[in-house]
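# Report on the structure
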Amino acid sequence: MSLVHNLGFPRIGARRELKFALESYWKGESSRDALTAQGLALRTRHWAEQAGLDLVPVGDFSFYDQVLDMSFTLGNLPERVQGFHGDALDNYFRVARGRSAAGADDHVACCGGVAAGEMTKWFDTNYHYIVPEFTAATGFKLDASRLLDQLAEAKAQGVNAKPVIIGPVTYLWLGKSKDGSDKLALLPRLLAVYAELLEALAGQGGQWVQVDEPVLVTELDDDWRHALTHAYHELKSSRVKILLATYFGTLGDNLYLAGKLPVAGIHLDAINARGEVDALLGHLSSHKVLSLGVVNGRNIWKTDLEGALEWLEPLHERLGDRLWIAPSCSLLHVPVDLDGEQKLDADVKSWLAFALQKLDELKVLGTALHRGRDAVKAELAANRAALASRRGSPRVNNPAVKEALGKLDASLGRRRSAYAERAAKQSARLKLPAYPTTTIGSFPQTAEIRHARSEFKAGRLDGAGYRDAMRTEIERSVREQEMLGLDVLVHGEAERNDMVEYFGEQLEGYAFSQLGWVQSYGSRCVKPPILFGDIRRPKAMTVEWIQYAQSLTQKPMKGMLTGPVTILNWSFVRDDQPRSVSCRQLALAMREEVLDLEKAGVRVIQIDEAALREGLPLRKSQWKEYLGWAVEAFRITANGVEDETQIHTHMCYSEFNDIIASIAEMDADVITIETSRSDMELLDAFDSFKYPNEIGPGVYDIHSPNIPTPEHIVALMRKAAERIPAERLWVNPDCGLKTRQWEEVIPALANMVAAARTLRKAA
Ligand SMILES: Nc1nc2c(c(=O)[nH]1)N[C@@H](CNc1ccc(C(=O)N[C@@H](CCC(=O)N[C@@H](CCC(=O)N[C@@H](CCC(=O)O)C(=O)O)C(=O)O)C(=O)O)cc1)CN2
Ligand SMILES: [Zn+2]
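Residues numbered from 1 in each chain as written. Chains lettered and ligands numbered in written order. Predicted model: local features only at pLDDT ≥ 70, side-chain atom pairs only at ≥ 80, totals over all residues. Heavy atoms only, no water.

Next up on the list: the overall build of the protein chain. The helix and strand inventory of the protein chain stands at 28 helices and 21 strands. Relative to a compact globule of 763 residues, whose C-alpha radius of gyration would be 27 Å, the protein chain shows 26 Å and is just as compact. Over its C-alpha atoms, taken along the principal directions, the protein chain stretches across nearly 75 × 65 × 55 Å. The buried share of the protein chain, reckoned over its 763 residues, is 61%. For the protein chain, the proportion of contacts with a sequence separation of at least 24, taken over those separated by at least 6, is 78%. Accessible surface computed for the protein chain: about 28700 Å², of which carbon and sulfur atoms make up 51%. A distance of 2 Å separates the average location of the 90 positive side-chain charges in the protein chain from that of its 102 negative side-chain charges. (Helix = DSSP H or I, 4+ residues; strand = E, 2+ residues; numbered from the N terminus. Rg over C-alpha atoms; globule rule 2.2 N^0.38 Å. Buried < 20%, exposed > 50% of the residue type's maximum accessible area, 1.4 Å probe, protein only. Contact = heavy atoms within 4.5 Å. Areas by Shrake-Rupley, 256 points an atom, 1.4 Å probe, with all protein chains shown as cover. Lys, Arg positive; Asp, Glu negative; His and termini not counted. Charge placed at Lys NZ, Arg CZ, Asp CG, Glu CD.)

Packing of helix α1 (residues 17-26) against helix α2 (residues 32-49) brings their axes to within 9 Å, and their N-to-C directions diverge by 170°. Here α1 lies roughly antiparallel to α2, going by the angle between them. Each of E17, L18, A21, L22 and Y25 in α1 lies in contact with α2, whose residues at this interface are R32, L35, Q38, L42 and R45. In terms of residue class, the contact of α1 with α2 is made up of six nonpolar, one polar and three charged. (Axes fitted to C-alpha atoms, helices over the stretch in contact; angles between N-to-C directions. Parallel < 35°, antiparallel > 145°, perpendicular 65-115°, else oblique. Nonpolar A, V, L, I, M, F, W, Y, C, P; charged D, E, K, R; others polar.)

On to the site of ligand 1, then. Taken together, 25 residues are adjacent to ligand 1, and K19, R453, S454, D498 and K738 come closest. Between an oxygen atom of ligand 1 and a side-chain N or O atom of H451, the distance comes to 3.1 Å. Look at ligand 1: alone it shows 980 Å² of surface, and the protein chains cover 83% of it. Within the residue set of the shell around ligand 1, elements represented by two or more residues are α1, α18 (447-457), β14 (518-521) and β15 (524-526). At four residues, α18 tops the list of elements feeding residues into the shell around ligand 1. In terms of residue class, the shell around ligand 1 is made up of eight nonpolar, nine polar and eight charged. (Near = heavy atom within 4 Å. Polar contact = N/O pair within 3.5 Å; in protein donor to acceptor, adjacent residues only side chain to side chain.)

Despite not being glycine, F248 shows a phi value in the positive range, around 80°. Assignment of secondary structure puts F248 in the loop between β9 (241-245) and α10 (255-260). Unlike most non-glycine residues, K431 shows phi in positive territory, near 50°. Of note, K431 is situated in the loop between α17 (419-430) and α18.

Coordination of the zinc ion (ligand 2) by the protein involves H650 (NE2), C652 (SG) and C735 (SG), with metal-donor separations of 2.1 to 2.3 Å. Linear spacing of the donor residues for the zinc ion (ligand 2) on their chain is H-x1-C-x82-C. Of this pair, H650 sits in strand β19 (residues 646-651) while C735 sits in the loop between α27 (710-723) and α28 (742-762), and the two are 85 residues apart along the sequence. (Donors = N, O, S within 2.8 Å, 3.2 Å for Na, K, Ca; no water.)

Our next topic: the sheet that holds strand β1 (residues 3-4). Judged by pairing direction, the sheet is parallel, and its eight strands sit side by side in the order β1-β12-β11-β10-β9-β8-β6-β2 without closing on themselves. Two strands lie at the open edges of the sheet, namely β1 and β2 (56-58), each paired on one side alone. Of the strand pairs in this sheet, β9 and strand β10 (residues 265-268) are connected by three bridges, and their pairing is parallel. Bridge pairing links L244 to I266 in β10. (Pairing = 2+ DSSP bridges.)

Here the UniProt feature "binding site: Zn(2+)" (unreviewed entry) sits at H650, C652, E674 and C735. A maximum C-alpha distance of 8.7 Å places the annotated residues, which cover 86 residues in sequence, within one compact spot. Leaving out residues up to four positions away in the same chain, C652 has contacts with A610, E674, D734 and C735. What makes C735 buried here is its relative accessible area of 15%. Discounting residues that sit within four places of it in the chain, C735 has contacts with I440, H650, C652 and I702. (UniProt positions renumbered as here; feature names shortened; annotations may be inferred.)

Mapped onto the fold, R619 is located in the loop between β18 (604-608) and α24 (623-638). For R619, a relative accessible area of 10% gives the class buried. Spatially, the C-alpha atom of R619 lies 9.0 Å from that of G249, the residues being 370 residues apart in sequence. Beyond its immediate sequence surroundings of up to four residues, R619 is in contact with L216, V217, T218, E219, T250, L251 and G252.

This brings us to the packing of aromatic side chains. For any pair of aromatic rings, the description rests on two quantities: the centre-to-centre distance and the angle between the ring planes. This structure, assessed with the given rule, holds 21 aromatic pairs. With 5.4 Å between their ring centres and 85° between their planes, W26 and F93 make a pair best called edge-to-face. Pair noted here: W26 is in helix α1 and F93 is in helix α4 (residues 88-97), with a separation of 67 residues, a long-range link. Given a relative accessible area of 18%, W26 falls into the buried group. Pairing Y92 with F93 gives two aromatic rings, centres 5.5 Å apart and planes at 65°, and the pair type is edge-to-face. Its relative accessible area of 5% is what places F93 among the buried residues. Through a chain of ring-to-ring contacts, the aromatic side chains of Y25, W26, Y64, F72, Y92 and F93 assemble into a single cluster. A cation over an aromatic ring shows up here: R390 above the ring of W301, its NZ or CZ 3.6 Å from the ring centre. In this structure, R471 is placed above the aromatic ring of Y548, and the distance from its NZ or CZ to the ring centre is 4.2 Å. (Phe/Tyr/Trp six-rings, centres within 6.5 Å; stacked < 30°, edge-to-face > 60°. Lys NZ or Arg CZ within 6 Å of the ring centre and 35° of its normal.)

Moving on to the pairing of β18. Burial of β18 is extensive: five of the five residues sit out of reach of the surface. With burial as the criterion, each face of β18 is covered, one bearing V604, Q606 and D608 and the other bearing I605 and I607. In this structure, strand β17 (residues 558-562) lies alongside β18, joined through five bridges in parallel fashion. Bridge pairing links M560 to Q606 in β18. Strand direction decides the pairing type here: β18 and β19, joined by five bridges, are parallel.

Counted under the stated rule, the structure contains 44 salt bridges. Residue R395 is joined to D347 by a salt bridge in which the shortest nitrogen-to-oxygen separation is 4.0 Å. Of the two residues, R395 is situated in the loop between α15 (377-392) and α16 (399-406) and D347 in helix α13 (residues 346-350); the sequence distance between them amounts to 48 residues. Look at D347 and you get partly exposed, because its relative accessible area is 38%. Between E495 and R496 there is a salt bridge, with the nearest N and O atoms lying 3.1 Å from each other. Accessibility classification places E495 together with R496 in one group, the buried group. Taken together, the shared-partner salt bridges connect R537, E592, E593, D596 and K599 into one network. (Salt bridge = Lys/Arg side-chain N within 4 Å of Asp/Glu carboxyl O.)

The following block contains the structure:
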């Protein structure tokens, strides 16, 4: 029999129950007990929904982040929160979210404000984790209570539990050394605690433990490879059976190493690394389990079940019980339940599978392997029909789009003149002061804005009423910016639910869900739109809003767009054509929008590419290819405008050292980046490359409620000016302000404008 299991289940809840419970607890509107009860209710429901599986993950639930959970399990708390004498869960949230010194926190008086842990993306996904912090002195101390409590809960509910933890090497690899010391030097100390942890799990009757080591799909140097070998030799005497889970890619050079590790089984992402199955099997000793991730945990398409069986059946014949099947990775990255969708087009819906449907697919595959295809004849037939309908649908393939793509030539991606010439014309037209100030686009998405939108979507507010509500917000943003004295204004993005979904909703070739939420970080979720067909822009998408905003002020109003690469990287995308092709289609559609904005008199247009760097493949050897088409797509979008039109782009969470040449190639007149937390060090890349265009290095961290002082901003900008000539510097926050409150935004921006004035006087 082949065993069917899952690697992880989405924890936010089909109706985002966890999000609402968390936010209400943080606001002080509900009790800690209410929050933990909601956690228990979600775990219980999710285990019940996975009941048909042979092994169900336990420990994949988290109140904020699974990496932060691991830091607490291992007793690796940043020094600044040690000695906190409140509740452990509150301390956990202090690390996750930070605490302003002026915050409404009982412990501010005794424990002061604390900075949030740094957040960064989880491999190549749109999920963000809290970065573990290390120093040479870091010690570890086991606190297994979370895992043991959840295991006990699972047992009480009759769940076939498989505890899930992040492996020691991946844990170290994900963290950051705060003092420049070698993280790997901590491995012996860390392994001692992992050994204790495995022992504790064994004591609870855990037989199999899933230990996630996704670092195995990255390019590792010898030290890290050695660390893996060393770690699993140290842990091999444990009483539990380790299923070593790899996902998000191929093992590549690490294949032999992975195959030889002394563990009881290994999970391979057979969506990305199906070609490695044979080679891996060649290295696996005959007692080891091979778990194959055959259902894609990263997208929302139905699996080709018969296609999967074609290659699984012979493997099953060979391996028998040693073959397990699972999703390719945790289902954290997909929405929960397709059945909740009431408005999705019936055709498109019939092509999709969310987490619960993916588990059903696995069960069908398991039954077919176990009892023969006949036992699931009806399911296989329905699957075959759905796949055929998708392949043949005229809505997927639009000849006109294919034709337009065929006509593309390199001239589309070139500005008329070089930067220096454009800059002179733009400066004559815009007449901006030195150190011009601007913001990145969004202003707070208030409860009123979201409420108006949800009333509109539910049909209780009509189009005119909704437009008025948004215009009121836009007007408020413009007035505030004028009072603050900013130089280049934005409309505030009130009308946008999300910078990607908003465009997905308006482009042909896209479908969008009502409840397809995926956790992005903490309580924050996104609803990635579904790119299923050839892309076309039926009509202008942003022009009316920007025009309205411009009508309220004499100052230049930035037109605000999301770039093709970011739209692609934050959507669920087609698996029936290369990403580069979908991206080029998006580029052509967004180019039309850029040209429409220009025609409407918009003088500054920002094209956000927040996810351009984020989309880099996990393996460096694939970067060149990706950057080639990604930069080209941006250029197609941006570069059709006149010299006088100023193009901005924006990127956050970025280190630019290794891609600075590509950034320069994008040739935006101005790029705004996130730099405040790195103390402007990120600018070194621009400096040493002699980046020729203008730069707005972020001067305040928008993730934190803390208000930056003018002195702090001036100091940061002086550091920036050591690296970039002052005449090419802008002053702006790190990113958009949609997650902040107006009460935070106004004083912060006032200080930012004051800082710019100080700088101008000194110049
Ligand atoms: N796609 C994407 N990926 C990204 C980012 C991004 O901005 N977009 N940024 C980074 C991650 N950062 C993020 C920052 C903020 C949020 C965020 O604020 N998300 C919102 C949801 C945004 C949204 O789509 N809102 C909808 C739905 C709002 C909503 O929840 N409405 C209520 C009803 C409210 C009412 O009636 O009063 C409901 O449905 O229950 C809207 O505005 O229309 C949230 O979790 O709260 C997400 C990611 C990286 N990846
Ligand atoms: Zn940003």
